Every structure is written in C-alpha cells, then in structure tokens.
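Breakdown of the fold
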Amino acid sequence: RFHQMARRPGGVPRDIAIAQAQAQIEDYKADFVDWVECELQELSNTFYSAKGGDIGEAKIDGMYRLCCQLRDTGTTMGLALLTFVSDNLCRVLEAIKSGAPYDPAMIECHIDALALARKEPYRSMSPDHFPDMTSGLKRVLDRANRYLTQD
C-alpha cells in the first residue's frame, strides 16, 4: 500500500523533498554544535569526577550512554571524525563493562580526541585525515579487547 501511495500524483517531488531535508539538517547543525558541547562537557565531568578513584558501574554506564548519543547523532549529521572517535570510545567502554580493567588513560585520550573533533575545521574532516590519531585510538581499543581474550 505504501508503494501505491508513494507513486500517486501530487505531493512534493523527490528532488525537492531531498533538498528540503538537507536544508533542514543544515539548520540543525548550528544547534547540534551547542548540543555536542553540552554532551561532551557532561562526559568529561562524569569521567573527571571519578578519575582518581573507583569509577563505578553507574558512571561507566552514564559515559557509555553519552558516547552512544554522540556517535549516533554524529552519524546523522555527517560528522565522520566525531562519529569515529565516539564509536571507538563506545567499544572501549563495552570492553570495560565486559570485564577489561578500567584504565583512565584509555578514556582520557578519547575525550581529548572528541574535544578536537568538535571544533572547526576538524568537525567536517574525515578520520582519514588523522591517521596517527585514529590508529592510536584503535590500538587503545585493541588493548582493552586483549584483556577479554586472555584466560
């Protein structure tokens, strides 16, 4: 039924609908920058409030939730670097939740990378533009996952 209705005459032509949607996303990007600032600040506050002591499961879960939101929204907005860094951090946090030891340095380097990825001109760049950073973050993830495969 949807296909029949979609092909009926009238409505907005496909090209115009796509252009309108892209324009709407561009309008949201200004608000998105502010939202990223708030989410990253909350992530940093959660991390730094427990950096010296026991992080606790609730704080790991909170950081994971914030990180997933950054990843998912970064994907929607087409911010590849932000998406890459937040996805990698999500995977590190998943490893910690699964039993890998908590190492604050693993989280801190991702928070620093997210702080960079939120700024212009980096915000619109691809992870391929930062091979040293991306390979370093991948090594951090590999290190976290290595603990899970050791017996």
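For the structure, see preceding data.
Conventions and cut-offs
- Every chain begins its residue count from 1, and numbering advances along the sequence as written.
- Local features are withheld for residues below a pLDDT of 70 in this predicted model, meaning they are given only at 70 or higher, and side-chain atom pairs are given and counted only at 80 or more; totals for whole chains, interfaces and linings count all residues.
- For side-chain calculations, the full set of non-hydrogen atoms in the structure is used, while hydrogens and water are omitted.
- Only DSSP runs of H or I covering at least 4 residues are called helices, and only runs of E covering at least 2 are called strands; the numbering of each starts at the N terminus.
- In this setup the radius of gyration rests on C-alpha atoms only. A globule is expected at 2.2 Å times the number of residues raised to 0.38.
- We call two residues contacting when some pair of their heavy atoms lies within 4.5 Å.
- Computed by Shrake-Rupley with a 1.4 Å probe, the accessible areas treat only the displayed protein chains as cover when residues are assessed.
- Counting rule for charge: Lys and Arg are taken as positive, Asp and Glu as negative, and neither His nor the chain ends is counted.
- Charge coordinates come from a single atom per side chain, which is NZ of Lys, CZ of Arg, CG of Asp or CD of Glu.
- Any Lys or Arg side-chain nitrogen found within 4 Å of a carboxyl oxygen on Asp or Glu counts as a salt bridge.
- The buried label applies to any residue whose accessible area, calculated with a 1.4 Å probe on protein chains only, is under 20% of its type's maximum; exposed applies above 50%, and partly exposed to all values in between.
- For the purposes of this analysis, a disulfide is any pair of cysteine sulfur atoms at a distance within 2.5 Å.
- Here, expected helix span is obtained from the residue count minus one, scaled by 1.5 Å.
- Only C-alpha atoms enter the line fits that serve as axes; for helices the fit covers just the stretch in contact. Angles between N-to-C directions range over 0 to 180 degrees.
- We call two directions roughly parallel when the angle between them is under 35 degrees, roughly antiparallel when it is over 145, roughly perpendicular when it lies between 65 and 115, and oblique otherwise.
- For a crossing to be left-handed, the near helix must be turned anticlockwise from the far one by less than a right angle; the clockwise case is right-handed.
- For this classification, the nonpolar set comprises Ala, Val, Leu, Ile, Met, Phe, Trp, Tyr, Cys and Pro, the charged set comprises Asp, Glu, Lys and Arg, and every other residue, Gly included, is treated as polar.

**Some words on the overall build of the protein chain**
The helix and strand inventory of the protein chain stands at six helices and zero strands. Of the regular secondary structure in the protein chain, the N- to C-terminal order runs α-α-α-α-α-α. Here the C-alpha radius of gyration of the protein chain, 19 Å, is well above what a compact globule of 151 residues would show, namely 15 Å. Across its three principal directions, the C-alpha atoms of the protein chain cover 65 × 35 × 30 Å. Intrachain contacts of the protein chain at a sequence separation of at least 6 include 72% that bridge at least 24 residues. For the protein chain, the exposed surface amounts to about 9,200 Å²; the carbon and sulfur share of it is 52%. Put simply, the protein chain has 18 plus and 22 minus side-chain charges, and the middle of one group is 5 Å from the middle of the other.

**Some thoughts on the pattern of salt bridges**
Scanning the entire structure with this criterion turns up eight salt bridges. Close ionic contact of Lys 97 with Asp 61 constitutes a salt bridge, the shortest N to O distance being 3.0 Å. Of this pair, Lys 97 sits in helix H4 (residues 80-97) while Asp 61 is found in helix H3 (residues 57-77), placing the two residues 36 residues apart along the sequence. Take Lys 97: its relative accessible area is 43%, and that puts it in the partly exposed class. Put simply, Asp 103 and Arg 143 hold a salt bridge, and the shortest N to O gap is 3.1 Å. Of this pair, Asp 103 sits in the loop between H4 and helix H5 (104-117) while Arg 143 sits in helix H6 (residues 131-149), and the two are 40 residues apart along the sequence. Looking at Arg 143, the relative accessible area reads 36%, which means it is partly exposed. Connected through shared salt-bridge partners, Arg 71, Asp 72, Asp 87 and Arg 91 make up one network.

**As for unusual backbone geometry**
With omega at 0°, the peptide bond leading from Glu 120 into Pro 121 counts as cis. Its location among the elements puts Pro 121 in the loop between H5 and H6.

**Considerations on the side chain of Arg 71**
With respect to the helices, strands and loops of the structure, Arg 71 is situated in helix H3. Of the residues examined, Arg 71 reaches a relative accessible area of 19% and is grouped as buried. Not counting residues up to four positions away in its chain, the partners in contact with Arg 71 are Thr 83, Ser 86, Asp 87 and Cys 90.

**Details of the state of the cysteines**
Throughout this description, disulfide means a covalent bond between two cysteine sulfur atoms. What the rule picks out here adds up to zero disulfides. Of all cysteine sulfurs in the structure, the one in Cys 67 sits closest to Cys 38, which takes part in no disulfide; the separation is 16 Å.

**Quick notes on helix H2 (residues 14-49)**
Helix length check: H2, at 36 residues, gives a terminal C-alpha distance of 49 Å against a target of 52 Å (1.5 Å per residue), a fit within 8%. Buried within H2 are the following residues: Phe 32, Val 36, Glu 39, Leu 40, Leu 43, Ser 44, Thr 46 and Phe 47. Those residues of H2 that are buried are in contact with H3, H4 and H5.

**As for the packing of H2 against H3**
One way to put it is that H2 packs onto H3 with a least axis distance of 10 Å and a crossing angle of 160°. Considering their axes alone, H2 and H3 lie roughly antiparallel with respect to each other. Both H2 and H3 take part in a crossing whose hand is left-handed. Note on element contacts: H3 touches H2 through Lys 59, Met 63, Arg 65, Leu 66, Gln 69, Leu 70, Thr 73, Gly 74 and Met 77, opposite Ile 25, Tyr 28, Lys 29, Phe 32, Trp 35, Val 36, Glu 39, Glu 42, Leu 43, Thr 46, Phe 47 and Ser 49. Of the residues that constitute the contact of H2 with H3, the class distribution is eleven nonpolar, five polar and five charged.

As far as function goes, none of this settles anything; it's purely spatial.
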